[in-house]
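Inside the fold
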Amino acid sequence: MGRVRALAATLASVPITLFGLILITFLIGRVVPIDPVLAIVGDRAPQDVVARTRLELGLDKSLPEQFIRYVGQLAHGDFGRSVMTSNSVGTDIARFFPATLELATAALLVAVLLGVPLGVYAAVRQGRWVDTAIRVVCLSGYSVPIFVLALLALLVFYATLQWAPGPGRQSVAFDGTVDQRTGLLLVDALLAGDWDAFWDACKQIALPAAVLGLSNMAYIARMTRAFMLESLSGEFVITAKAKGLSAAAVVWRHAFGNILVRLLTVVVLTYAGLLEGAVLTETIFSWPGLGQYLTGSLLNADMNAVLGATLVVGLAYVVLNLLSDLMYRVLDPRVR
Amino acid sequence: MLVAISNLRIAFSTPNGWAEAVRGVSLTLGREKLGIVGESGSGKSLTARSLLRLLPGNARVQADRLAFDGIDVLTASEKQMRAIRGKRAGLILQDPKYSLNPVITAGDQVAEAWRAHKGGSKRAARQAAADLLAQVRIRDPARVANAYPHELSGGMGQRVMIAMMLAPDPELLIADEPTSALDATVQAEILRLMEDLVSRRGMGLLLISHDLPLVGHFCDRVAVMYAGRVVEELRAGELAHARHPYTRGLLDCLPRLSHPEARLPVMQRDPAWLRA
Amino acid sequence: MIVTRDWLLTEAPASRGQAAWGRRYRLWLQLRRNPLAMAGLLVILALIALSLLAPWLATHDPGVQDLSNRLARPSAAHWLGTDELGRDVYSRLLYGGRITLGMVVAVVVLVAPLGLAVGCVAGYAGGIWDRLLMRVTDVFLAFPRLILALAFVAALRPGVTSAVAAIALTAWPPYARLARAETLGLRGTDFIAAVRLCGAGPGRIVLRHIAPLCLPSLIVRVTLDMSSIILTAAGLGFLGMGAQPPSPEWGAMIATARRFILEQWWVPTAPGLAIFVASLAFNLLGDGLRDVLDPKQGA
């Protein structure tokens, strides 16, 4: 019974959080010193055009009324019109989001495949030099600004060694050759059976995904280590050893098995964090994703686009948080 | 002789140098029931765990002799140790709430112990686990086998623990305060079960406890530890003739129905016991 | 009274003050044995000194351009070379340190007390207050930090002040969460019950008994967070939303110099390295502090 209630409380918190998210973006949109009307019609528009646009946008109403209107528009998927691309922001986001999703997913793979073994290894060797070395690597990973890492990666692997192709999601030869179905280039290329395009996309994503993944690997490794240390100090680990199990079985089946669910929730939250890193990474690798859309809009003071993108990222955060919470409840026998 | 310990010293590295927790313990154990009694920090658990080499990494173990059935535990390879752990000597810990793996079902944990030493299929192991659970007098082995540890009571958990440690037919059972975390009514039941299984299989038992009368009741011999040393060793029947003031103190501060006392005596500790 | 090692390390302190200082001294001794943390501390002290002494240590005026000497390699005259406008990179880094450290201090001063207060109140009061305050923190936590800060700055006006405000607005929720968790753990303890039985009111309990016990984990968190504040500030600067050129903020310096990465790589690399070193120093110290102050987190 308690479990059902806890679950209900979690689910009930989602609309409240969403409401808060929308309220924040709404308020940010209203404190802008730039007049949204002038941003649309331009500085030199005649007085009556300005006045009419103001009415159209509902800016003559009170703030609460404007907020209700804003929520109503969002409910219909209407984020307003982007000044920069003159498309509806919703359309723009739908076009740019898959690229970010693809990059973040690839980066997450890098982060997990490197971070988890490193964390486990560091915990098993706690206090030895390997542990210290991994600690320094991780703290460096936390400390390096991702845009510097990205620039240096371009300098070394693209300009100097020429191992990686230049920035972009596709090289020029393959531009627009793959039918868009999911918007995820790797998936689309596979669906089309176009192996050359797939291979090209793999080469293009490798460097940005590695940069983004490495800078997030640190977090996963540190959390894995912390969880493992706690788990390894458990009495049940003594029991497992006393049974005569091999070191591998003790570490992986017993100690790691105990942290698996908690680790999964961390991984999901990392995924959310990757969206943030993606903004800076995309700018440098000319990756046509939400991050680049966001920074482009920022520089053009295109507030509808900025707030729309911010809201979508916030939404993704909420969904991923909820997912990690639900996973925890479903997978952990102690909570189940 | 199953166990031979001579001049065992265990120390831990601390910021202020080595702190000795066990300071020259000597014990022997055959196929008999030996109880080790002492207060928290007296080194009784460390002594027992050092026998299976299960001490934390920052512990330093030294001994003139630390042997299990003639195998030198100090120099044995990890592989040799694994052949002892579980297979030849089982270890039961204090609180099943912590000593059982919380995310694996009871049955799987018992089956794992069985399979680690006897091999065979998973099915066979699971069948064996159910049999073992029945042997420790669990009425509904099928249900308990599918339960997670947190779904079991303390007494039930400890039965699972016993079943798990008896799975590979060991020659020695080390029980480290096996009933301290249990309700008083369940304590006696679990101890009787353990004694029964140990006697029937002709195993050795090393029972660690802070409860002197209890140990005296279930064991053949009792070793009393204080501050990392064995201060007195005697037959269980001769507890009343204990000579060391610490042992006497432990016995004297128990309430008796036959001689009620308004105020129980408080033990006066003599610093000389530390040097003895 | 003479403060000696013995006075600090005595097993039987004569006063509360002596006990408190003795405890602090022991923590310091423990921290001193961690070479990584000490390296971090030294670097931080050096950074502070360099920033404060920037006017005396700089070899050039950080704003003076010399277009005939653009993008020069490091030399005796310009230790770290010059940037795209011929300004001395070394001198600009020194002055940039002032901006970065200033932003960090400003954010922490704004955020830590706020987070502590919100967390303690929510945790101790419980009920509707707890739910309300935690919902608000949830909402702020639901945005990635940099992105919310970007939106804020875009709405205000790019610049150091709005960057500080934006980072502060996005930085307080984790502190509130942390303080609340600590408070919840403490609220039910016997010693708080004892204080309450002695007649202490909620204000006194929170201020005198709960908040001080939240401090160690808060300090650890602040130190570790400083690195992330540095990175967010630099990220904002890099995207043109933080300190504005010609201000020598490190992130902004990288932004203006990034197009030279392939030929004159040292120009953007120098400020990049500065951000990395500063951020790493805080991480190393925070990590060491956590081991000492908050062993139960043990991460």
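Attention in this report is confined to the structure presented alongside it. Per-chain numbering applies: the sequence of each chain, read as written, is numbered from 1 onward. Here every chain gets a letter starting at A, and every ligand a number starting at 1, in the order they are written. Residues qualify for local features only when their pLDDT is at least 70, as the model is predicted, and side-chain atom pairs are given and counted only at 80 or more; totals for whole chains, interfaces and linings, by contrast, use all residues. Side-chain numbers here rest on the full set of heavy atoms in the structure, without hydrogens or water.

1. Observations regarding the overall build of chain B
To keep it simple, the criterion reads: The numbering of helices and of strands both runs from the N terminus, where a helix is a DSSP run of H or I of at least 4 residues and a strand a run of E of at least 2. For this measure, only C-alpha atoms enter the radius of gyration; the expected value for a globule follows 2.2 Å times N^0.38, where N is the number of residues. Each residue's exposure class comes from its accessible area (1.4 Å probe, protein chains only) as a fraction of the maximum for that residue type: buried when under 20%, exposed when over 50%, partly exposed otherwise. We call two residues contacting when some pair of their heavy atoms lies within 4.5 Å. His is not counted here, nor are the chain ends, while Lys and Arg score as positive and Asp and Glu score as negative. In plain terms, the charge of a residue is placed at NZ if it is Lys, CZ if Arg, CG if Asp and CD if Glu.
The helix and strand tally for chain B stands at eleven helices and eleven strands. Relative to a compact globule of 276 residues, whose C-alpha radius of gyration would be 19 Å, chain B shows 19 Å and is just as compact. With respect to the principal axes defined by its C-alpha atoms, chain B has extents near 60 × 50 × 35 Å. For chain B, the proportion of its 276 residues judged to be buried stands at 54%. For chain B, contacts bridging at least 24 residues in sequence account for 66% of all contacts bridging at least 6. Of the charged side chains in chain B, 36 are positive and 29 negative; the average position of the first set lies 4 Å away from that of the second.

2. Some thoughts on a nonpolar patch on the surface
Residues and elements named next belong to chain C. Formally: Like charges are joined within 9 Å and nonpolar side chains (Val, Leu, Ile, Met, Phe, Trp, Tyr) within 5 Å, but only among residues with over 30% relative accessible area and no salt bridge; these make up the patches. For the area figures, the Shrake-Rupley method with a 1.4 Å probe applies, and any residue is considered shielded solely by the protein chains shown. Take a side-chain nitrogen of Lys or Arg and a carboxyl oxygen of Asp or Glu: if they are within 4 Å of each other, that pair is a salt bridge.
A grouping of Leu42, Leu45, Ile48, Leu50, Leu52, Leu53, Trp56 and Leu57 is seen on the molecular surface, where their side chains present a nonpolar patch of about 810 Å² in accessible area. If you list the elements that add at least two residues to the nonpolar patch, you get α3 (35–52) and α4 (54–57). With respect to the helices and strands, the residue Leu45 is situated in helix α3. Classification of Leu45 by relative accessible area gives partly exposed; the value is 48%.

3. Observations regarding the sheet that holds strand β10 (residues 221–226) of chain B
Residue and element names in this part refer to chain B. What counts, and what does not: Only strands that DSSP links by at least two bridges are regarded as paired with each other. To get an axis, fit a line to the C-alpha atoms, keeping to the stretch in contact for a helix; angles then go from 0 to 180 degrees between the N-to-C directions.
Ordered in space as β7-β8-β9-β3-β10-β11, the six strands form an open sheet in which the pairing is mixed. Either end of the sheet is taken by a strand with one partner, and the two such strands are β7 (89–92) and β11 (229–235). Each neighbouring strand pair of the sheet contributes to a mean axis angle of 15°, computed without reference to strand direction. One ladder, built from six bridges, connects β10 with β11; its direction is antiparallel. For Arg221, the partnering residue across the bridge sits in β11 and is Arg235. Relative to the sheet, helix α8 (residues 184–201) contacts β3 (33–37), β7, β8 (172–176) and β9 (204–209), its axis offset from that of β9 by approximately 160°. This element, helix α10 (residues 245–252), spans β10 and β11 of the sheet and lies at about 105° to β10.

4. With respect to the interface of chain C and chain A
Let me state the cut-off plainly: Put simply, buried area is the surface a 1.4 Å probe can reach on two separate parts but cannot reach once they are joined, added for both. Polar contact is defined as a pair of N or O atoms within 3.5 Å, subject to the rule that within protein one atom must be able to donate a hydrogen and the other to accept it, and that residues adjacent in sequence are counted only when both atoms are side-chain atoms.
Across the contact, 45 residues belong to chain C and 48 residues belong to chain A. Between chain C and chain A, roughly 4,000 Å² of surface is buried when both sides are summed, and carbon and sulfur atoms account for 79% of that area. Taken together, the connections running from chain C to chain A amount to three salt bridges. The residue Asp287 of chain C makes a salt bridge to Arg222 of chain A at a minimum N-O spacing of 2.4 Å. Remark: the boundary between chain C and chain A carries seven residue pairs in polar contact (both at pLDDT 80 or more). The set of elements that each furnish at least two residues to the side of chain C that touches chain A consists of α6 (127–141), α7 (145–155), α10 (202–238) and α12 (266–293) of chain C. No other element matches the eleven residues that α12 of chain C contributes to the side of chain C that touches chain A.

5. Describing the pattern of salt bridges
Taken as a whole and assessed by the stated rule, the structure comprises 38 salt bridges over all chains. Of the charged contacts in the structure, one is a salt bridge between Arg135 of chain A and Asp287 of chain C, with a shortest N-O distance of 2.6 Å. A residue pair is termed interchain when its members come from two chains, as with Arg135 of chain A in helix α6 (residues 129–143) and Asp287 of chain C in helix α12. Since its relative accessible area comes to 1%, Asp287 of chain C is described here as buried. What you see here is one network of salt bridges that share partners, running through Arg135 and Arg222 of chain A together with Asp287, Arg290 and Asp291 of chain C.

6. So, the packing of helix α5 (residues 89–124) of chain A against helix α11 (residues 247–285) of chain A
All names here are of chain A. This is how it is decided: Each angle is binned into one of four classes, with values under 35 degrees roughly parallel, values over 145 roughly antiparallel, values of 65 to 115 roughly perpendicular, and all other values oblique. Two helices cross in a left-handed way if the nearer one is turned anticlockwise from the farther one by less than a right angle. They cross in a right-handed way if the turn is clockwise. Gly is put with the polar residues, along with every residue not named as nonpolar or charged; the nonpolar set is Ala, Val, Leu, Ile, Met, Phe, Trp, Tyr, Cys and Pro, and the charged set is Asp, Glu, Lys and Arg.
For the pair α5 and α11, the least separation of the axes is 8 Å and the interaxial angle reads 140°. By the angle between their directions, the pair α5 and α11 is classed as oblique. Of the two elements, α5 crosses α11, and the hand of that crossing is right-handed. Taken together, the residues of α11 that come into contact with α5 (itself represented by Thr100, Leu101, Leu103, Ala104, Thr105, Ala107, Leu108, Val112, Val116, Val120 and Val124) are Val251, Trp252, Phe256, Leu263, Val267, Thr270, Tyr271, Leu274, Leu275, Ala278 and Glu282. Looking at the contact of α5 with α11 residue by residue, the classes come out as 18 nonpolar, three polar and one charged.

7. Let's talk about the packing of helix α5 (residues 89–125) of chain C against α12 of chain C
All names here are of chain C. Where α5 meets α12, the closest approach of the two axes is 10 Å, and the angle between their N-to-C directions is 40°. Comparing their axes, α12 and α5 come out oblique. With respect to the hand of their crossing, α5 and α12 are arranged in right-handed fashion. The segment α5 lies against α12, with Val89, Leu93 and Leu101 engaging Ala270, Pro271, Ala274 and Phe282. Residue composition of the contact of α5 with α12, grouped by class: seven nonpolar, no polar and no charged.

Read these as spatial facts, not as claims about activity.
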